Amino acid sequence: MKNGFLGMVAAIFATGLLLSGCSGPSSTGLQALERAEAGTDSLPADVDLHETDLDKVLLAAESNGKKYFLGQDNQRRNTCLVAVTTDPHSWHAGCTDSTQGEMLRISGPDQKSAVLVSDGYDTKQLEASGLTKIHPNILVVTN
């Protein structure tokens, strides 16, 4: 009886350790989000992602008159890609909880797509399809 009780306590303890390892912040799959924010990293005031509250926003790249921001919510579960044109009232965005591969594809009123990929993702097929890599994690239609 005593051995059974000790075995059960050990099993409960081990389960608790395993579960506590899962409760911490998850990786976003993007090293770019690990740098500190700078003065140029602010989204225009008109950008409203509705119920997604971004704890961190970083300007990742600029191409063809657009600024591409990466954002992350405070629980590090959602990663967002925001494209802002030279007119700060014209923007489009998308968010995902994906952390691997082609994470997200957004398209704005100009019908030009932007794709968010995880670190180290092989983008050869995306580039062969006409997308241009402007950042290790962002590819865009440039024509």
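Residues numbered from 1 in each chain as written. Predicted model: local features only at pLDDT ≥ 70, side-chain atom pairs only at ≥ 80, totals over all residues. Heavy atoms only, no water.

A. Geometry of the overall build of the protein chain. Helix and strand counts for the protein chain come out as two helices and eight strands. Mapped in sequence order, the helices and strands of the protein chain form the string α-β-β-β-β-β-β-α-β-β. Taken across its 143 residues, the protein chain has 34% of its residues classed as buried. Across the protein chain, the fraction of contacts at a sequence separation of at least 24, relative to all contacts at a separation of at least 6, is 38%. With an accessible surface of roughly 8,700 Å², the protein chain has 52% of that area assigned to carbon and sulfur atoms. (Helix = DSSP H or I, 4+ residues; strand = E, 2+ residues; numbered from the N terminus. Buried < 20%, exposed > 50% of the residue type's maximum accessible area, 1.4 Å probe, protein only. Contact = heavy atoms within 4.5 Å. Areas by Shrake-Rupley, 256 points an atom, 1.4 Å probe, with all protein chains shown as cover.)

B. Geometry of the pairing of strand β7 (residues 131–135). Here β7 pairs with strand β8 (residues 138–141) via four bridges, running antiparallel. Bridge pairing in β8 places His135 opposite Ile138. (Pairing = 2+ DSSP bridges.)

C. Structural context of the sheet that holds β7. Pairing is antiparallel across the open sheet formed by four strands, whose spatial order is β5-β6-β8-β7. With one partner strand each, in any of the chains shown, β5 (102–107) and β7 form the two edges of the open sheet. Strand-to-strand, the axes of this sheet are offset by a mean angle of 25°, without reference to chain direction. Summarising the sheet, β5 and strand β6 (residues 113–117) pair through five bridges and their orientation is antiparallel. Note on β6: the bridge partner recorded for Leu104 is Leu116. (Axes fitted to C-alpha atoms, helices over the stretch in contact; angles between N-to-C directions.)

D. Focus on the nonpolar core. Counting residues in each nonpolar core, the largest one holds 14 residues, and the members touching the most others are Tyr68, Leu70, Leu81, Leu116 and Ile138. One finds Val47, Leu49, Cys80 and Val84 within the second-largest nonpolar core, a separate group that totals nine residues. (Core = buried A, V, L, I, M, F, W, Y, C linked by side-chain atoms within 4.5 Å.)

E. Structural detail: the side chain of Lys66. Mapped onto the elements, Lys66 comes out in strand β2 (residues 66–73). Within the local environment of Lys66, its side chain forms a polar contact with the side chain of Asp110, the two groups lying 2.8 Å apart. Once residues lying within four places of it in the same chain are set aside, the contact partners of Lys66 are Ala61, Ala83, Val84, Thr85, His92, Asp110 and Lys112. (Polar contact = N/O pair within 3.5 Å; in protein donor to acceptor, adjacent residues only side chain to side chain.)

F. How the structure looks around the sheet that holds β2. Taken in spatial order, the four strands line up as β1-β2-β3-β4 in an open sheet, and their pairing is antiparallel. Each edge of the open sheet is held by one strand with a lone partner, namely β1 (54–63) and β4 (91–96). Each neighbouring strand pair of the sheet contributes to a mean axis angle of 20°, computed without reference to strand direction. Where β1 and β2 come together, eight bridges link them in antiparallel fashion. Following the sheet pairing, Leu54 is matched in β2 by Asp73.

G. Summary view of the pattern of salt bridges. Here the structure, examined in full by the defined rule, presents three salt bridges. Between Asp110 and Lys66 there is a salt bridge; the shortest N-O distance is 2.8 Å. Here Lys66 lies in strand β2 and Asp110 lies in the loop between β5 and β6, a separation of 44 residues in the sequence. Here Lys66 falls in the buried class, since its relative accessible area comes to 8%. Glu102 is paired through a salt bridge with Arg105; the nearest N and O atoms lie 3.2 Å apart. (Salt bridge = Lys/Arg side-chain N within 4 Å of Asp/Glu carboxyl O.)

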